[in-house]
Amino acid sequence: MTAASIPLESGSRAGAFLAVLHRDLYVTWKELPAFLAQVILQPLFLLFVFGKVLGSLGYTQHGYADLLFPGLLGLTVVLTSIQALAFPLVAEFGWTREIEDRLLAPMPTSYVAAEKILFAMLRAFGATLIMIPIGYAILGHIPWQWRNTGWFVAALVLGALVGAGLGLLIGTLVQPQRINIVFSLVFTPLLFTGCTQYPWPSLARLRWFQVITAGNPMTYVSEMMRGALTPSVPHIQPWICLVVALGAIALLLTVGVRGFYRRAID
Amino acid sequence: MGVVRVEELVKRYPKSQVNAVDGVSFEIEAGEVFGLLGPNGAGKTTTVGVLTTRVRPTSGRASIDGVDVVADPVGVRRQLAVVPQRSNLDRAISIRDNLIFHAAYHGVPPKVREARADELLGQFGLADRSSSRPDFFSGGQSQRVMIARALMHRPKVLFLDEPTTGLDPAARLFVWDRLRELRDAGVTLLLTTHDMHEAAALSDRVGIMDHGKLLALDSPEGLMRSLAGETTLELAADEPADGTLADALAALPGVERVERLQGSPEDGDAFRVRLYLAGEAAPLVAPAAAALAEQGLALNDVRFGTATLEDVFINLTGRSLR
């Protein structure tokens, strides 16, 4: 057999993209319990302690759980998306080098980055939607407005994109040996300044903290969720959240994708 | 026309003062095994990086089977496969799934990739491990899996980086045999290595690189012939000697070059020298011994040899590889 007679398989670009996505979903499916533990435990305990325990003991006002729940959805969608992207990316570029086989697949490098983003979003959607039955189970009811479903979906998608942008940024900028410290330095502040546990307008009494929280893109996701689920609670107008979130996404993805190219091609 | 073409390739990394690859040109014919030899930092990896679309060239051209690496990187990726030195296998899935997903990325139909995976796993002696994850595989096993994976989409050109460095002798021979089979099947192989023995054993042609330049390019035999003298004569004596002895040896008929080697006094050879000869070595033993005797030295070791690729390399680059 000569080289000329060797049949060449010519996969399409879209086919390569879908095959990589298939691999990621396949691994998630095989490791479903680990995935659920990873994404659900934290919001579950937050919901249980702040929404149920403190309320039952009378330390929080009636209705606090309704205010907390949309914030936790915002938290879950953003953090899951970050984790789904940043952790594997740091490892794959750093020491496992697993990403090399994908970078050599017959598709543009941007498709590899796009697949990472899409997959992180799908995980974030899954983790957030699971919070709805869990909320029912723990709180007995959850705030929900059918007429605001559009805003809920918008908050979900924007939250996943904000998380993917942050994840791409962290995943391509952080050196593997620093990943632990970066996660502490990034995650904890993100978790507590994202207006998850309190609505933003109520911070007017704590002006300096209100300014800080305005800098966290997660704030706008939480507030958008609140606008959709508990419109009676004072919140930032959804369209303002939409504009700010879109701006943040554009910025994060631009820098993140550039970082991805820098790591992928010399 | 060569299946791999590199023309006046230059790569300078940002913030670097020198070119990592500095005007390299070569062609590889279809079905050829081409060895790229050089010390670390010579520019081999960068050259291969350009050909495999992972490094953007600063200037010059490179193409695989007529497809330009800059103009159509996706088209180039369809033609090639890469076997890196260190494992980059997917640790979350079994080695069989590693092969199957790789083929899926390249658009191999499901039935074909399943059958091909089983065939390759058998051929590479991995059938009984096919459902294991690659985590605890030895270097040799990982290497075999990565070669099998690379063959899943039937690439025209296979790039291998130090394919048998760190493998035990049996594993190394196994890999060599598989690579020779691939060559016989018409696959073009480009291997980068700093192992002379590997390059000489496998390659049809060898390119020697250093400081970003291609210093020589020929068959291993041709390279060895090109070295001053085809044969060498190594002499040792128990006493150290000064430069006049080397001069006297260099003056003997047929001696083209004299190289002082590191003697080891504890082994009884304080003086050791290698003569590169134009002709036969045996007739020179007596005159050389006489030259030593004139200096009051007794000959205590004689070795005949032919030039090795390593000699060629040292002659070109002035340094040893290991």
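Residues numbered from 1 in each chain as written. Chains lettered and ligands numbered in written order. Predicted model: local features only at pLDDT ≥ 70, side-chain atom pairs only at ≥ 80, totals over all residues. Heavy atoms only, no water.

In this section: the packing of aromatic side chains. Residues and elements named next belong to chain A. Inspection of the entire model under this criterion finds nine aromatic pairs over all chains. Here the aromatic rings of W144 and W146 are separated by 5.6 Å at their centres, their planes lie at 75°, and the arrangement is edge-to-face. With relative accessibility at 69%, the residue W146 sits in the exposed group. The interplanar angle of 70° and the centroid separation of 4.9 Å between the aromatic rings of W144 and F152 together place this pair among those described as edge-to-face. Note on W144: relative accessible area 23%, which makes it partly exposed. (Phe/Tyr/Trp six-rings, centres within 6.5 Å; stacked < 30°, edge-to-face > 60°. Buried < 20%, exposed > 50% of the residue type's maximum accessible area, 1.4 Å probe, protein only.)

Here we take up the state of the cysteines. All chains considered together, the criterion is met by zero disulfides over all chains. Just so you know, C195 of chain A is unpaired, no disulfide at all, and the nearest cysteine sulfur is the one on C241 of chain A, 9.4 Å from it. (Disulfide = S-S within 2.5 Å.)

Residues and elements named next belong to chain B. At their nearest, the axes of helix α3 (residues 95-105) and helix α4 (residues 110-123) sit 9 Å apart, and the two run at 135° to each other. On the basis of their axis angle, the class for α3 and α4 is oblique. The crossing of α3 and α4 is right-handed. When α3 is examined against α4, the residues I95, R96, L99, I100, A103 and A104 are found in contact with a partner set consisting of R113, E114, A117, D118, L120 and L121. Broken down by class, the residue content of the contact of α3 with α4 amounts to eight nonpolar, no polar and four charged. (Axes fitted to C-alpha atoms, helices over the stretch in contact; angles between N-to-C directions. Helix = DSSP H or I, 4+ residues; strand = E, 2+ residues; numbered from the N terminus. Parallel < 35°, antiparallel > 145°, perpendicular 65-115°, else oblique. Left-handed = near helix turned anticlockwise from the far one by under 90°. Contact = heavy atoms within 4.5 Å. Nonpolar A, V, L, I, M, F, W, Y, C, P; charged D, E, K, R; others polar.)

This paragraph deals with the packing of α3 of chain B against helix α5 (residues 139-151) of chain B. Residue and element names in this part refer to chain B. Two elements in contact, α3 and α5, have axes whose closest approach is 8 Å; the angle formed by their N-to-C orientations is 25°. The angle between α3 and α5 places the two elements in the roughly parallel class. The crossing of α3 and α5 is right-handed. Contacts between α3 and α5 pair I95, N98, L99 and H102 from the former with V145, A148, R149 and A150 from the latter. Classifying every residue of the contact of α3 with α5 gives five nonpolar, two polar and one charged.

On to the interface of chain A and chain B, then. Opposite the 38 residues of chain A that make contact, chain B presents 43 residues. Carbon and sulfur atoms supply 52% of the area that chain A and chain B bury against each other, a total of about 3,600 Å² over both sides. D90 of chain B is paired through a salt bridge with R23 of chain A; the nearest N and O atoms lie 2.6 Å apart. Counting across the chain A and chain B interface gives 13 residue pairs in polar contact (both at pLDDT 80 or more). Put simply, the parts of the chain that give the side of chain A that touches chain B at least two residues each are α1 (13-30), α4 (99-103) and α10 (238-264) of chain A. (Buried area = accessible area lost by both parts, 1.4 Å probe. Salt bridge = Lys/Arg side-chain N within 4 Å of Asp/Glu carboxyl O. Polar contact = N/O pair within 3.5 Å; in protein donor to acceptor, adjacent residues only side chain to side chain.)

Residues and elements named next belong to chain A. Of the residues making up helix α8 (residues 207-214), those classed as buried are F209, Q210 and T213. Viewed along the axis of α8, the buried residues span an arc of 105°, placing them on a single side of the element. Of the residues in α8, the exposed ones pointing more than 90 degrees away from the buried face are R207, W208 and V211. Here the buried face of α8 lies against α7 (179-192) and α9 (217-229). (Arc of directions from axis to C-beta.)

What follows is about the confidence of the model for chain A. Atomic detail in the predicted coordinates should be set aside for any region of low pLDDT. Predicted confidence across chain A gives a mean pLDDT of 88, with 96% of residues reaching 70 or more. Confidence drops under a pLDDT of 50 for residues 1-9 of chain A, and excluding neighbours within four residues, the segment shows 23 contacts in the predicted structure. (pLDDT = per-residue confidence, 0-100.)

Bringing the pattern of salt bridges into the picture now. Residues and elements named next belong to chain B. With the rule as written, the count across this model stands at 24 salt bridges over all chains. In this structure, the salt-bridge partner of R96 is D118, at a minimum N-O distance of 2.8 Å. Residue R96 is located in helix α3, and its partner D118 is located in helix α4; the two are separated by 22 residues in the primary sequence. Note that R180 and D177 form a salt bridge whose closest N and O atoms lie 3.5 Å from each other. Taken together, the positions of R180 and D177, both in helix α6 (residues 169-184) and three residues apart, correspond to about one turn of that helix. By relative accessible area, R180 is classed as partly exposed at 26%. Overall, D177 belongs to the partly exposed group, its relative accessible area being 39%. Shared partners join several salt bridges into a network, and the residues in it are E234, E259, R272, R274, D301 and R303.

Next up on the list: the environment of L223 of chain B. Residue and element names in this part refer to chain B. Tracing the backbone shows L223 in helix α8 (residues 220-226). Linking L223 and Q85, residues 138 residues apart in sequence, is a C-alpha distance of 26 Å. In this structure, L223 is in contact with V206, I208, A216, L217, D218, L309 and V312, ignoring residues within four places of it in sequence.

Residues and elements named next belong to chain B. Pairing is antiparallel across the open sheet formed by four strands, whose spatial order is β2-β1-β4-β5. Each edge of the open sheet is held by one strand with a lone partner, namely β2 (21-28) and β5 (67-68). With five bridges joining them, strand β1 (residues 4-11) and strand β4 (residues 59-64) adopt antiparallel strand pairing. Paired with V4 across the two strands is I64, which belongs to β4. Against the sheet, helix α1 (residues 44-51) engages β1, β2 and β4, with an angle of about 120° to β1. (Pairing = 2+ DSSP bridges.)

Okay, the side chain of T76 of chain A next. All names here are of chain A. Note that T76 resides in helix α3 (residues 64-94). Accessibility expressed as a relative area gives 2% for T76, which makes it buried. Sequence-distant contacts of T76, defined by excluding residues within four places in its chain, comprise V39, P43, A127, T128 and M131.

All names here are of chain A. Taken together, L41, F45, F48, V49 and F50 make up a surface patch of nonpolar side chains, about 430 Å² in accessible area. The topology assignment puts V49 in helix α2 (residues 32-56). Note on V49: relative accessible area 33%, which makes it partly exposed. (Patch = residues over 30% accessible without salt bridge, like charges linked within 9 Å, V, L, I, M, F, W, Y side chains within 5 Å. Areas by Shrake-Rupley, 256 points an atom, 1.4 Å probe, with all protein chains shown as cover.)

Here we take up α7 of chain A. All names here are of chain A. Its 14 residues give α7 an end-to-end C-alpha distance of 20 Å, which sits within 8% of 20 Å, the value for a rise of 1.5 Å per residue. Among the residues of α7, I179, V182, F183, F187, L190 and L191 are the ones counted as buried. Projection of α7 onto a plane perpendicular to its axis shows the buried side chains occupying an angular sector of 125°, all on one side. (Expected span 1.5 Å × (residues − 1).)

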